[in-house]
Every structure is written in C-alpha cells, then in structure tokens.
Amino acid sequence: MDVRLSSEQQALRDAAARLADDLGPKSVAELGDGARAAKLDTALEATGWRELRTPADGNRPLASAVEAAIVAEELGRGLADTSFLGPTLAAELRRRASAPPATVPETVLLTPDLSRLAVAGGAGEPCSGTAIDVQGITSALALAEVAGGHELVTVPVYGTSPSRDLTRPAAEVSGPPAVRLPGTQTPLSAADIEGWTAFVVALTCADLVGTMRGAVELACSYAGVRQQYGTAIGSFQSVQHMLADAHVSVEGSRSVALHAAWAADTLPAGEALDAAAVAKAYCARAARAVCETAIQVHGGIGNTWECLAHVHLRRALLSTQLLGGVGAHLDRVAARREIGGVPGGLR
Amino acid sequence: MDFADSPEEAAFRRRLRAWLAENNPGLPASSTSDAYWDGQASWHQALYDAGFFALSWPEEIGGQGLPSVYEAIVDEELAAAGAPPRPSLGYLVQGLLRHGGDDVKRRFLPGIVNGRDRWCQGFSEPDAGSDLASLRTRAERRGDEYVITGHKVWTSYSDSAAWCLVLARTDPEAPKHRGLSAFAVRMDQPGVEQRPLKMVNGITREFGEVVFDGAVARAADMIGEPGEGWRLAMTVVSHEREPGELGYVARYGKAVNELVARLRAEPERFSSENVRDVAWAVVEAEMLRLHVCRRLSDRLDGVSHGPEGSVDKLLMTWVEQAVGHAALGVSERTAGIEEDTWLKMYLYSRAQSVMGGTSQIQRNLVATRILGLPAS
C-alpha cells in the first residue's frame, strides 16, 4: 500500500489547478464573460483531458480513474464552467460497450431526477431525460433495451435549461427518437452499468472535494480581511471553529474520494460501487455543510447573488444529486451489509 | 497510488490472519468492561511475541523497523477478526524516543514495547487541563533524586501502571512553558497514592487520579534535559492525536462489525433509523481507515508530525461519536433483553472529544496553524 500520488499525478494536478486558476471565473460577474469561458473551453480541449477514458491499448482507458478524479477535483475547486464530467462519463460508457469514440461533443442523458441513465424502449423509440454538463455539447448517450442488457443510443442536444448549478448547464430532451450508434457495440450487462456507476460516483466525489476546498479557501480569505469590532473576523474563535470543522471535513472527504477513484479501476464492480457509496455518502454530507459554512462566514454578503459562496454550494448540490446523494448511498451501504436499505445500481 | 498490498504486505497479512484465527483472546472492549484489563497485558505480550506489534518502531527498542503502513494492515485484520485492538501506547514510545537519552531509552523502551512494563501518563491536573503549562506539581532536587509533590488527574491506566511519565515543575522562576521537566516515576512506592475514577458509563479501571506526596524519582530517570518537559509533552500529545499511532481503526472497525451483526441477526427488532445510523457509522469508520492509509503513506516521504494531527483527532472523534450514536439507538431497541454494552459504548464516546486535547483546542490549532487565521 502506498497511496501517495505519483510525480506524474502531481504534475497533472498542478496543471489542472493552473488551468482552473488562470481561466476559471473569479467572480459571479465573470460567469457571464463568454470570451473567458471560451478560452477555458479551448484550453481544456487542448489538454485532451476529456479523452482520459477513451480506449488506448486493448480496451484499457488512456488514463486511470485516479487521473480523471485529479482533474475533476481541480476543476471543481476553480468552479470551471466548461464541460468535463459529461464528456468523460460518455467516453467511459462507450469504452465499456466497446463502441467507437464519439465524433461530436457528447454527454450522457439521465432521468429527470439525475439518479440514473435514461432508458429508451429501443432504437427508434422516443427518448426523454436531462442531458447534464452540456456547455458546447451537441449529443447525449442513453440506454436502449436489447436482448441480454442494454445498448447505447444517442439523442441530439439543443440549448440549455435552468440548472441549480451556475457553472454546468443542463438541457431537457423530450421525446426525439433514439438513434443507434454506427458500428458495432457489445450489450452492457448489469455489472457493466454497476462498474460505470462506481466510476461516475467516484468522479462526483472528486468534484465535491474540489468544490468544498474552493469554498473553504474563499471563506478563509474573506475571514482574514473582513473587519468587525475593529479586527478581522477570522480571529474570533466562533468563526475559527466553523472553518476548522470545514477543513477537517474536506480532509476526510479527500481520503474516501481518493479510494473510490482507485477502486473504480481496480476492484470488481460490486466492491467498487461500495467504495463509491461510502465516499459519496461522506462527501455529499460534508460538502453541503462546508458550503453552507462558507455562506455563513460571509454574513449578509454571503446571501447575495454577487458572492461566489453560493456558486460553490450550487455546484455541490448538482454533484450530490448526480447518481444519488447521501440517503441513496447510505441505502447502498446498508444493503451491501444486509441490514436493510435497497440494493443500488441500475437493474 | 495503490491501496492494494504489495506481495510482502500480502504475505504478512496472511500470516497475521492465520495467527489471529488461533489466538484471539475474545476480550470485551476496554470502553465497555473492566474485565478487559485482566487480559490486556497478556494480549499485548502475545501480539508482540508473535511479531505483530511494534512493527514500525526501531529495532534497538524491540521494534521491527518496518514502514508504518504495516500498522494499517494490523488494524484492518484485528477488526476483521473481532480481536482486541493493539495497545495504544505509541505516544509514550515516541516521547521517550525523541527526548530520552540513550540510557533512558535502553532502560525503559524495550519493556514498554514488549508489554512487560505498564505505564501511565501524569500530565493533567485539577487546575491544568487545556492550559497544561500552568501545572503545579513540583519536582525538587535532593542529591541525586527529585522529590515530587502534586496531584494528577484524568490519568488513563493509572490502575495497572508500574511507571508514570510525570510532568512536573523543576524551575518555578522560569516562564511557565520553560520550567517543566519529565520523569519516569515508580508507582509502587510510599508517597504515591492512586485512586480509580469511575467514568460516566460505570467502568472503573481505565481512568484515575494520582497524588504524589514526597514520591521520589532518580535524577537519572529524568526524560530529556531539565526544562525540556513542555517539548516532550507536545511530542506526546501530538502522537496521542493520531489514529494511526493509537490503532483506533481496529477499535471502530470491530465496533461497527458488531453493530452490523446485531442488526443482521434480528432485523425485525430495528427501525429504519437504526439502519441509517449504523450505515453512517460504517461510512465514518471506513473513512478513518482510508484516511490513516493516506497519512501513513505520507510518512514514506519522511513527513514529520505537524498540526494535521489535530485534523486527525477531530476526524477520529467524529467517527467514535457516530459509532456511539448508532450504539445508543441499538441500546434502546435491546433494553432489558441484553447487557447494556451498547449504552456503555455510547456514553464512553463522549470522552473522545476531551481526551488527548479537547475538540475546542484542536479547532484552535487547525484554524491558526493550518488555515492561517489570525490568533484570537
């Protein structure tokens, strides 16, 4: 056992952090700056990080889930408002189905509650759901029922619809016919989808860790400059203790999220999903509390649209909802230990 | 980045698992039964003699000099076997290793490590809890001895200890942090009176107070230099905050396994709230296991102990208290039909946010030393 990041992984982390710091939004006003967002999108495209899960030799991915999680964490920390999660999840789904890589920018289509992949009755049948993380995206992958499991189909994605997350828009898809992928693919079994789910949940945990790290940094720098009673509010123990708890929550979350990412490529699907469920229950519970603390430390300013704290909270709320939050994952943990809950995963 | 065992680690894990299958003494938890202490010394010695204790400590004091990640394997296997945790005395060992001279190390450490000598730690006093440096116990030089007078309290293991690591004031004129020195003091001598303190859950053999009234320590049994007591105390408490040093991953893993087994045995007795609480305790315990893997891996770089011990202490506290709350729920559903072990487990968990430095103090340290917030 040696869970230190390799020097290559540290370099990847530093590069992702630089990208997010240089081109991510530094204020709520900058969220509306299309020229900046376009530069971020171009820069991310140039890194090739959206293709980390495309097949390299054999059907192995170009990079491990740990590398994908490293990028996701840094993009979450910097509130990167460009698509990464969507294309990564789509590439992972294609890889697991041994389907050829996407030829257009692609995400995945989920049920409206974002708890699982949308399923069409078959190719040519109407397909509905919510396409996630659709910045610059024109197509979404969904499932269609076939003998022996599910196959991949696509639907076109147009425009965006309101999302709780101001950095990653969604798009509603209402009933276009599902289109069969060109070329051959292998039907996805329940275990394939379980493995995909473990990967996705692990990535949402990485994004949560990043988002809450960013929220703690934001709140600490504010507490260091905001003065009341003639002194910085960060010198008051009541404020210090809230921020200390937030930092501790982030550290615990990093440990479970790192393990879930490692497990996604290493353990059998059931065990990987259990590792992901443990991580998601922990990270999602922590993230909401940490982002709420960031708002509280900002006081009245924290309750205005202009303060970035709610952008962190909103991003955390979306990452929490994706493939299930605290309750759904505690149920998975309980079910696996045969003490109740409901068995998780798509069946 | 790999959580999996290396071939050497896997072989070690197999040997340990086979040994545990034959040698688990089946002791009750120290937090719920005084009977634990009847078997503690022999468990320590058996674990040591079989080569499964003191793995990462230096060979010259009886350790094996292995990377500390081996300790994580021990904790996982102890929990899986439902065996007692390894003895929690790493903080004493680290304090003596870092501050003791060669003579002190040679005389005391092998006995602590191999389990033949029991030790306790006399730091806190009635008027010196969080503000430890204000302690008033005095040690006065008389020839080649020191005479010790004072009152120590909240002393874990005073009931069974042969030696006490006493922090005492040797220079009343010096500023409060600089006038302290540390001594190894024999407990079985005139002038030492030990009284057990009954804890809130009713157990009586873990916790005590010790009155020193003219007790004697040899000058040669001073640990470190005169005035080095505060630095030694900081070394000790920083290690006392670390779950990897304490072996608490095994404690919580075992408790959680017992809670899961209790629910599984009789599901109709328990509510959905019980299920959620136990599932959350599972998540918390697993978090700590993985967090310790991360910390022990960082030590492969030679990373030294800093303020992140306070982070780990708070995480460990949250785990213990989540396990405690799950146990409380189970105790309500099993009241009157079995022993109140679950209630004792819950009540004991309240001590975790106080012992080894309160959660309030840990938060102060995280805020000022890690987050860089201005001192209040």
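Everything quoted here is computed from the prediction, not taken from an experiment. (Residues numbered from 1 in each chain as written. Chains lettered and ligands numbered in written order. Predicted model: local features only at pLDDT ≥ 70, side-chain atom pairs only at ≥ 80, totals over all residues. Heavy atoms only, no water.)

What follows covers the overall build of chain B. The helix and strand inventory of chain B stands at 12 helices and eight strands. Against the 2.2 N^0.38 benchmark of 21 Å for 376 residues, chain B shows a C-alpha radius of gyration of 21 Å, consistent with a compact globule. If one aligns the C-alpha atoms of chain B with their principal axes, the spans along those axes are about 70 × 45 × 45 Å. Nonlocal contacts in chain B, meaning residues at least 24 apart in sequence, comprise 72% of its contacts between residues at least 6 apart. Separation between the mean location of the 42 positive side-chain charges and that of the 53 negative ones in chain B comes to 2 Å. (Helix = DSSP H or I, 4+ residues; strand = E, 2+ residues; numbered from the N terminus. Rg over C-alpha atoms; globule rule 2.2 N^0.38 Å. Contact = heavy atoms within 4.5 Å. Lys, Arg positive; Asp, Glu negative; His and termini not counted. Charge placed at Lys NZ, Arg CZ, Asp CG, Glu CD.)

Residues and elements named next belong to chain B. Mapped onto the secondary structure, Tyr 348 falls in helix α11 (residues 341-349). The buried category is assigned to Tyr 348, whose relative accessible area is 4%. C-alpha of Tyr 348 to C-alpha of Glu 228: the two residues are 120 residues apart in sequence and 33 Å apart in space. Every residue in contact with Tyr 348, bar those within four places of it in the chain, is listed here: Ser 31, Met 199, Asn 201, Ile 203, Glu 206, Arg 251, Glu 320 and Met 355. (Buried < 20%, exposed > 50% of the residue type's maximum accessible area, 1.4 Å probe, protein only.)

What follows concerns the interface of chain A and chain B. Listed by partner, the interface residues are 44 residues for chain A and 48 residues for chain B. Here chain A meets chain B over a buried area of about 4300 Å², counting both sides, of which 69% is carbon and sulfur. Between Arg 276 of chain B and Asp 331 of chain A there is a salt bridge, with the nearest N and O atoms lying 3.4 Å from each other. Applying the counting criterion to the chain A and chain B interface returns 17 residue pairs in polar contact (both at pLDDT 80 or more). Of all the secondary-structure elements, those providing two or more residues to the side of chain A that touches chain B are α5 (190-225), α6 (237-266), α7 (269-297) and α10 (326-336) of chain A. Of the residues forming the side of chain A that touches chain B, the biggest block, 17 residues, is contributed by α6 of chain A. Grouping the amino acids of the side of chain A that touches chain B by side-chain chemistry returns 21 nonpolar, 14 polar and nine charged. (Buried area = accessible area lost by both parts, 1.4 Å probe. Salt bridge = Lys/Arg side-chain N within 4 Å of Asp/Glu carboxyl O. Polar contact = N/O pair within 3.5 Å; in protein donor to acceptor, adjacent residues only side chain to side chain. Nonpolar A, V, L, I, M, F, W, Y, C, P; charged D, E, K, R; others polar.)

What follows covers the UniProt feature "domain: Acyl-CoA dehydrogenase/oxidase C-terminal" (unreviewed entry) in chain A. The UniProt record marks residues 204-335 of chain A with the feature "domain: Acyl-CoA dehydrogenase/oxidase C-terminal" (unreviewed entry), using the residue numbering of this structure. Secondary structure across residues 204-335 of chain A divides into 82% helix and 3% strand, with the first and last C-alpha atoms of the span separated by 21 Å. (UniProt positions renumbered as here; feature names shortened; annotations may be inferred.)

Now for the side chain of Ser 235 of chain A. For Ser 235 of chain A, the location among the structural elements is in the loop between β9 (231-232) and α6. Residue classification places Ser 235 of chain A among the buried positions, given a relative accessible area of 7%.

Moving on, we get to the domain arrangement of chain B. Residues and elements named next belong to chain B. Segmenting chain B into domains produces domain 1 (7-96), domain 2 (119-226) and domain 3 (236-370). In this structure, domain 1 and domain 2 have C-alpha centres spaced 28 Å apart. The interface is formed by 11 residues belonging to domain 1 together with 11 residues belonging to domain 2. Considering only the side of domain 1, the residues that lose the most area to domain 2 are Asp 34, Trp 37 and Leu 92, jointly responsible for 53% of the buried surface there. There are one salt bridge connecting domain 1 and domain 2. The partner of Arg 205 in a salt bridge is Asp 38, and the shortest N-O contact between them spans 2.8 Å. Where domain 1 touches domain 2, the interface holds four residue pairs in polar contact (both at pLDDT 80 or more). Looking at the side of domain 1 that touches domain 2, the elements with two or more residues in it are α2 (36-49) and α4 (90-99). In terms of residues, the side of domain 1 that touches domain 2 owes the most to one element, α4, which gives three residues. (Domains from an automatic or database assignment.)

A few words on helix α1 (residues 7-23) of chain A. All names here are of chain A. For α1, with 17 residues, the first-to-last C-alpha span of 24 Å sits near the 24 Å given by 1.5 Å per residue. For α1, the complete set of buried residues consists of Gln 9, Leu 12, Ala 16, Ala 17, Leu 19, Ala 20 and Leu 23. Projected down its long axis, α1 shows its buried positions confined to an angular sector of 165°, all on one face. Along α1, the residues that are exposed and aim more than 90 degrees away from the buried face are Ser 7, Arg 18 and Asp 22. If you follow the buried residues of α1, they end up packed against α2 (34-47) and α3 (65-77). (Expected span 1.5 Å × (residues − 1). Arc of directions from axis to C-beta.)

Let's shift gears to the UniProt feature "domain: Acyl-CoA oxidase/dehydrogenase middle" (unreviewed entry) in chain B. Under the UniProt annotation, "domain: Acyl-CoA oxidase/dehydrogenase middle" (unreviewed entry) lies at residues 120-213 of chain B. In residues 120-213 of chain B, helix accounts for 0% and strand for 49%; the two terminal C-alpha atoms are 18 Å from one another.

With that settled, the discussion passes to helix α9 (residues 272-298) of chain B. Between its first and last C-alpha atoms α9 of chain B spans 39 Å; for 27 residues at 1.5 Å apiece the expected length is 39 Å, and the two agree. Across the 27 residues of α9 of chain B, 20 count as buried, placing the element largely inside the fold.

Residue and element names in this part refer to chain A. Tracing the chain through its elements places Ala 72 in helix α3. Under the relative-accessibility criterion, Ala 72 is labelled buried at 3%. For Ala 72 and Ser 319, which are 247 residues apart along the polypeptide, the C-alpha to C-alpha distance reads 11 Å. The contact partners of Ala 72, leaving out residues within four places of it in the chain, are Phe 84, Leu 203, Ala 206 and Asp 207.

Residue and element names in this part refer to chain B. Two strands pair when backbone bridges link them, and strand β3 (residues 145-156) and strand β7 (residues 207-218) are joined in this way by 11 bridges, in the antiparallel orientation. Residue pairing across strands places Val 153 opposite Glu 209, the latter belonging to β7. When strand β6 (residues 192-196) meets β7, the two strands line up antiparallel, connected through five bridges. Along β7, the bridge assignment pairs Pro 196 with Gly 208. (Pairing = 2+ DSSP bridges.)

Taken as a whole, this structure holds 15 aromatic pairs over all chains when the rule is applied. An angle of 55° between the planes, with centres 5.4 Å apart, marks the rings of Trp 262 of chain A and Phe 3 of chain B as tilted. Of this pair, Trp 262 of chain A sits in helix α6 while Phe 3 of chain B sits in the segment before α1 (7-23), which puts the two residues in different chains. Classification of Trp 262 of chain A by relative accessible area gives buried; the value is 9%. Judged by its relative accessible area of 11%, Phe 3 of chain B is buried. The interplanar angle of 15° and the centroid separation of 5.7 Å between the aromatic rings of Trp 119 of chain B and Trp 163 of chain B together place this pair among those described as stacked. One end of the pair, Trp 119 of chain B, is in strand β1 (residues 119-122); the other, Trp 163 of chain B, is in strand β4 (residues 163-169), with 44 residues separating them in the sequence. Overall, the relative accessible area of 6% leaves Trp 119 of chain B in the buried class. (Phe/Tyr/Trp six-rings, centres within 6.5 Å; stacked < 30°, edge-to-face > 60°.)

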